[in-house]
Amino acid sequence: MSEFAPIFIYLGFSLLVSLILVGLPFLFFANSSTYPEKLSAYECGFDPFGDARSRFDIRFYLVSILFIIFDLEVTFFFPWAISLNKIDLFGFWSMMAFLLILTIGFLYEWKRGALDWE
Amino acid sequence: MIIDTTEVQTINSFSTSGFFKEVYGLIWIIPILTLILEITIGVLVIVWLEREISAAIQQRIGPEYAGPLGILQAIADGTKLLLKEDLLPSRGDIRLFSVGPSIAVISVLLSYLVIPFGYRLVLADLGIGVFLWIAISSIAPIGLLMSGYGSNNKYSFSGGLRAAAQSISYEIPLTLCVLSISLRLEIGRNDQVLPYDSDLDSSTVDIVEAQSKYGFWGWNLWRQPIGFLVFLISSLAECERLPFDLPEAEEELVAGYQTEYSGIKYALFYLASYLNLLVSSLFVTVLYLGGWNFSIPYIPIPELFRINQMAGIFGMTIDIFITLAKAYLFLFISITTRWTLPRMRIDQLLNLGWKFLLPISLGNLLLTTSSQLVSL
């Protein structure tokens, strides 16, 4: 537990620092002079065409899903990599079986074009 | 001065009353403040360095009016941004808009916990050091998405999505490279029990210690050349520096997810970018370049050792100096790369991350594992 004390204190400090910095402009709020043109969205000088909450490309969603899968794979790799001396060859081949399944999935998505155009 | 962790633990072991336990926790404020001071000065130096190096590359003079040689330019910029008006876009989500930059900064600041500047000069000597960095740096894309969405601007939203996609795509080759390094097999010749517990080997201090044997030739750079190149490229992409600069491409997206920001929140993004750069350079030093080890082999080491052991503070200073010198070497390389190479398109970028770096880093991991097992 004593190892984690600095982490919590440091977390508290960084929260304090960033929130103080974000809250600082409120001290100068009295002089603010805002008008609608200043507050509207920037679109090279024009009034914004349509709403910003429009549809977005599905490929971003695909990238996120793929990231989750590979990130979990890597998370499983961590304890395996560290204890490789204790689990010898049997442990190595077990992880290789896991990796094979995921690699087949990776090849499938590559061939189907989930990684294309972006 | 940074407190020796073993001394703090002896203080803890002498405590018998509950009051003393609370005080023990608060002792950490001093090293934490020292670290925050170091980081702040580091960022100021990087900002100045970037402007001077970019000026030299473009054959012009950099900042020269703010303080001697323009050293105070970063402080001048920060003060100016502090006094700017803080705009909140009219139909944006105010809470997401305000919190976005803070999350980006906090996640990068937390990464400094596990960087060792010396043998005991590390804030949190966890057994899972580098894993903590990987996990916390994955929080940054949330901040980018929040900023992009909360701005109520089509270009910000698109920029935020692209920035988040870029960030997460390069996390995986980064993690795989780091994994290849923490793969260590310590096999005793006759199956003896090792003198220290080698169970949790993602500790940054252990990684540096493992590179300390042959001076210059003991670096992980030579053991993992492919991993080093992949790590370098991935960390530049994580920091959103050129050539992976697309979220801030002025011609395409105005300023990406930072378009609607002004004043101190803009400064927070700026700060997060440079902090990320500094922590990446420090991690390159720790993981590949031997950290605080004085890396010239066969120099009269016994003499230096005597100095290091007798005057502990002198030894610690040398360690910090060596770590920072190696990190600044990488900073120089990053800054020069930024001002030399053209920008990549988003599809080239994501292709590079998924189709090139991911298979290569997986291959590197398998290569490392098999070579370790063959020597069993």
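What you are looking at is a predicted structure, and each value in this text was computed from that prediction instead of being measured.

## A word on the UniProt feature "transmembrane region" (unreviewed entry) in chain B
Part 1: The residues that UniProt annotates with the feature "transmembrane region" (unreviewed entry) are residues 23–49, 94–115, 121–146, 267–290, 310–335 and 356–374 of chain B.
Part 2: For the annotated span residues 267–290 of chain B, helix accounts for 92% and strand for 0% of the residues, and the straight-line distance between the end C-alpha atoms is 33 Å.

## Some thoughts on helix H6 (residues 129–137) of chain B
Part 1: Most of H6 of chain B is tucked away, with seven of its nine residues classed as buried.
Part 2: For H6 of chain B, the elements touching its buried residues are helix H5 (94–110), helix H7 (140–150), helix H8 (154–182), helix H9 (204–209), helix H11 (225–238) and helix H13 (263–288) of chain B.

## Considerations on the interface of chain A and chain B
Part 1: Contacts between the two partners involve 64 residues from chain A, matched on the other side by 80 residues from chain B.
Part 2: Both sides of the chain A and chain B interface together cover about 6,500 Å² of buried area, and 74% of this is carbon and sulfur.
Part 3: Contact with chain B buries area across many residues of chain A, yet Tyr10, Arg53 and Phe78 of chain A alone supply 12% of it, more than any other trio.
Part 4: Put simply, chain A and chain B have one salt bridge between them.
Part 5: The partner of Asp116 of chain A in a salt bridge is Lys355 of chain B, and the shortest N-O contact between them spans 2.5 Å.
Part 6: Elements represented by at least two residues in the side of chain A that touches chain B include exactly helix H1 (5–23), helix H2 (36–39), helix H3 (58–82) and helix H4 (84–111) of chain A.
Part 7: With 15 residues, H3 of chain A is the single largest residue contributor to the side of chain A that touches chain B.
Part 8: Along the lines of polarity and charge, the residues of the side of chain A that touches chain B split into 41 nonpolar, 12 polar and 11 charged.

## Concerning the nonpolar core
Part 1: In this structure, Tyr10 of chain A together with Tyr112, Phe231 and Trp354 of chain B are the most contacted members of the largest nonpolar core, which totals 108 residues.
Part 2: A total of 13 residues in this core trace back to one element, the largest contributor, which is H13 of chain B.
Part 3: Leaving out residues up to four positions away in the same chain, Trp354 of chain B has contacts with Val63, Leu66, Phe67, Phe70, Phe106 and Leu115 of chain A together with Ser169, Ile172 and Pro359 of chain B.
Part 4: Counting six residues, the second largest nonpolar core, distinct from the first, contains Phe97, Leu144, Ala163 and Tyr261 of chain B.

## Digging into the packing of helix H3 (residues 29–57) of chain B against helix H4 (residues 73–82) of chain B
All names here are of chain B.
Part 1: Where H3 meets H4, the axes come as close as 8 Å, and the angle between the chain directions of the two elements is 110°. Of the possible angle classes, the one that applies to H3 and H4 is roughly perpendicular. In this structure, H3 contributes Leu44, Val47 and Arg51 to the contact, and H4 contributes Gln73, Ala74, Ile75 and Asp77.
Part 2: Counted by class, the contact of H3 with H4 contains four nonpolar, one polar and two charged residues.

## So, H7 of chain B
All names here are of chain B.
Part 1: When you tally the buried positions in H7, you get eight out of 11 residues, the bulk of the element.
Part 2: Among the structural elements, H5, H6, H8 and H13 are those in contact with the buried residues of H7.
Part 3: Residue Asn152 follows H7 closely and has a positive phi angle near 55°.

## Focus on the packing of H6 of chain B against H8 of chain B
When two helices pack together, their arrangement is given by the angle between the helix axes and by the axis-to-axis distance.
Residues and elements named next belong to chain B.
Part 1: Two elements in contact, H6 and H8, have axes whose closest approach is 11 Å; the angle formed by their N-to-C orientations is 175°. In terms of their interaxial angle, H6 and H8 are classed as roughly antiparallel. Contacts between H6 and H8 involve Val130, Trp133, Ile134 and Ser137 on the former and, on the latter, Glu171, Leu174, Thr175 and Val178.
Part 2: In terms of residue class, the contact of H6 with H8 is built from five nonpolar, two polar and one charged.

Conventions adopted
- Along each chain, the written sequence defines residue order, and numbers are assigned to residues from 1.
- Chain labels run from A onward and ligand labels from 1 onward, assigned in the order the entries are written.
- Per-residue local features are limited, in this predicted model, to residues with pLDDT of at least 70; the limit for side-chain atom pairs, both in listing and counting, is 80 or more; totals at the level of whole chains, interfaces and linings are taken over all residues.
- To get the side-chain values, all heavy atoms of the structure are used, and hydrogens and water are removed first.
- UniProt positions are given in the numbering used here, feature names are shortened, and annotations may be inferred rather than shown by experiment.
- The secondary structure listing takes helices from DSSP runs of H or I that are at least 4 residues long and strands from runs of E that are at least 2 residues long, numbered from the N terminus.
- Exposure classes here rest on a 1.4 Å probe applied to the protein chains alone. A residue is buried below 20% of its type maximum, exposed above 50%, and partly exposed in between.
- Pairs of residues are marked as contacts when any of their non-hydrogen atoms sit within 4.5 Å.
- Two parts lose some accessible area (1.4 Å probe) when they are put together, and adding that loss for both gives the buried area.
- Salt bridges are defined as contacts in which a side-chain nitrogen from Lys or Arg sits within 4 Å of a carboxyl oxygen from Asp or Glu.
- Residue type decides the class: Asp, Glu, Lys and Arg count as charged, Ala, Val, Leu, Ile, Met, Phe, Trp, Tyr, Cys and Pro as nonpolar, and the leftover types, Gly among them, as polar.
- By nonpolar core is meant a set of buried Ala, Val, Leu, Ile, Met, Phe, Trp, Tyr and Cys residues that side-chain atoms within 4.5 Å join together.
- Here an axis means a line fitted to C-alpha atoms, over the contact stretch when the element is a helix, while the angle between two N-to-C directions is reported on a 0 to 180 degree scale.
- Should an angle fall under 35 degrees it is called roughly parallel, over 145 degrees roughly antiparallel, and 65 to 115 degrees roughly perpendicular, with every other angle called oblique.

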